[in-house]
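The primary structure of each chain is shown beneath.
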Amino acid sequence: MKDFKPDFLFRSSFIQSYLASSGKRLWKPDTSNYFLIVANGVKFSGYCDYTDKPSRGTIVFIHGWEGSANSSYSMRGSRYFLNLGFDVIRLNLRDHGDSHSFNIEPFHGCRLEETYELIKKLTSDSKKPFHLIGFSLGGSYVSRLALKASQKNGLKNVSSYFAISPSIQPKKATARIEENPIYRFYFLKSWKKSLDLKKKFFPDYYDEKDWKNAKSVMSLTEKLVTKYGGFASLDSYFNGYAIDNKDFKKLKRNLYILISKDDPIIPHEDFEKLEPNSFLEITSTNYGGHNGFLQNVFNPPKFLDWVYERILRLHF
């Protein structure tokens, strides 16, 4: 397989990152089966689509922060894998998609246990393999799910884990967002909108003064995780879901990380310190931005997702 090399005019990390989430290329299946599921006392929602070919297994997509089951990258991936004979599940994590009214406590990056129980419930009765694909913060969750499954000898029906542009040192990633006015504006706007919905559904629990005039992602994170998340400090929160080399050495599940050197949010240096092992494989590209990896912008098949072809060749 050729290395990822996008058209020259579309090599910019910003353009790649923008195109990754752009709804202009959004494909929607004719019929998606909406579902609700309760795991570890937490209510989740999502969509399931079934291939019209003999099923090779199930792909589960986990979106990034402020994304959803209908994020563009998940929808494009659904089409790709459905055509190859896989069933597809697209999840909404807590407080994403339509789920703001489901649970009173807010979403944050350390809610691994409920996500583990969700995946366990989805996969436990299947006779065919599952494969998890996560983006950005979803990639962090997928990485930590692989680690937790390794330690507990659990999630035995999950055959492989794929983390795209994962946040493994979240404090650094948040600082990157803070430094870029475009990303800072986007995430603050999206996060405040999400918090407004929480206030609407749980008016006595949330105080809009906590976020209404916030101008910093870092300070807002500190405010919310200490007041509503039960953390003593901002550092204790970030340390709660940071992953480093000593953690990855404990892997006993197949984890594949795909990262770009020009990712504007995730520092590539974090991955240069990791030591690949028999369960960890890292694919690093020069271009791709954040969740991007789009090529053939001008030539058919247009907007080809290189990352899904890479996933196919890594494991299947």
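Going by the structure above, here's the rest.
Only a predicted model underlies this, so the values are computations on that prediction, with no experimental measurement involved.

(A) Highlighting the overall build of the protein. Of regular secondary structure, the protein possesses 11 helices and 10 strands. The contacts of the protein with a sequence gap of at least 6 include a subset with a gap of at least 24, amounting to 75%.

(B) Local environment of the side chain of glutamate 66. By secondary structure assignment, the location of glutamate 66 is in the loop between β3 (58–62) and α2 (72–83). The charged side chain of glutamate 66 is buried without a salt bridge, its nearest counter-charge being lysine 193 at 8.6 Å. At 3.0 Å, the side chain of glutamate 66 forms a polar contact with the side chain of serine 190. Sequence-distant contacts of glutamate 66, that is, excluding residues within four places in its chain, are made with His96, Tyr186, Ser190, Trp191 and Ser194.

(C) Region of the structure containing the sheet that holds β3. Across the sheet, which stays open at both edges, the eight strands sit in the order β1-β2-β4-β3-β5-β6-β7-β8 with mixed pairing between neighbours. Of all strands in the sheet, those bounded by a partner on one side alone are β1 (33–39) and β8 (280–285). Averaged over neighbouring strand pairs, the angle between their axes works out to 20° when direction is ignored. Alignment of strand β7 (residues 255–260) against β8, held across six bridges, turns out to be parallel. Bridge assignment links leucine 255 to a residue of β8, and that residue is leucine 280. Helix α3 (residues 112–123) rests against β1, β2 (42–49), β3, β4 (87–92), β5 (130–135) and β6 (158–164) of the sheet, and its axis sits at about 120° to β1.

(D) Highlighting the pattern of salt bridges. Taken as a whole and assessed by the stated rule, the structure comprises 13 salt bridges. The salt bridge involving lysine 172 is made with aspartate 270; its shortest N-O contact spans 3.0 Å. Residue lysine 172 is found in helix α5 (residues 170–179), and its partner aspartate 270 is found in helix α10 (residues 269–272); the two are separated by 98 residues along the sequence. Assessed through its relative accessible area of 30%, lysine 172 is described here as partly exposed. Overall, the relative accessible area of 6% leaves aspartate 270 in the buried class. The partner of aspartate 244 in a salt bridge is lysine 246, and the shortest N-O contact between them spans 2.7 Å. Sharing partners across several salt bridges, the network here consists of Arg94, Glu105 and Glu114.

(E) Here's a closer look at helix α8 (residues 234–241). Listing the buried residues of α8 in full gives Leu234, Tyr237, Phe238 and Tyr241. All buried residues of α8 fall inside an arc of 90° around its axis, so they share one side. Turning to α8, the residues buried within the fold contact α4 (137–152), α5 and α7 (217–227).

Criteria and cut-off values
- Residues numbered from 1 in each chain as written.
- Predicted model: local features only at pLDDT ≥ 70, side-chain atom pairs only at ≥ 80, totals over all residues.
- Heavy atoms only, no water.
- Helix = DSSP H or I, 4+ residues; strand = E, 2+ residues; numbered from the N terminus.
- Contact = heavy atoms within 4.5 Å.
- Buried < 20%, exposed > 50% of the residue type's maximum accessible area, 1.4 Å probe, protein only.
- Lys, Arg positive; Asp, Glu negative; His and termini not counted.
- Salt bridge = Lys/Arg side-chain N within 4 Å of Asp/Glu carboxyl O.
- Polar contact = N/O pair within 3.5 Å; in protein donor to acceptor, adjacent residues only side chain to side chain.
- Pairing = 2+ DSSP bridges.
- Axes fitted to C-alpha atoms, helices over the stretch in contact; angles between N-to-C directions.
- Arc of directions from axis to C-beta.

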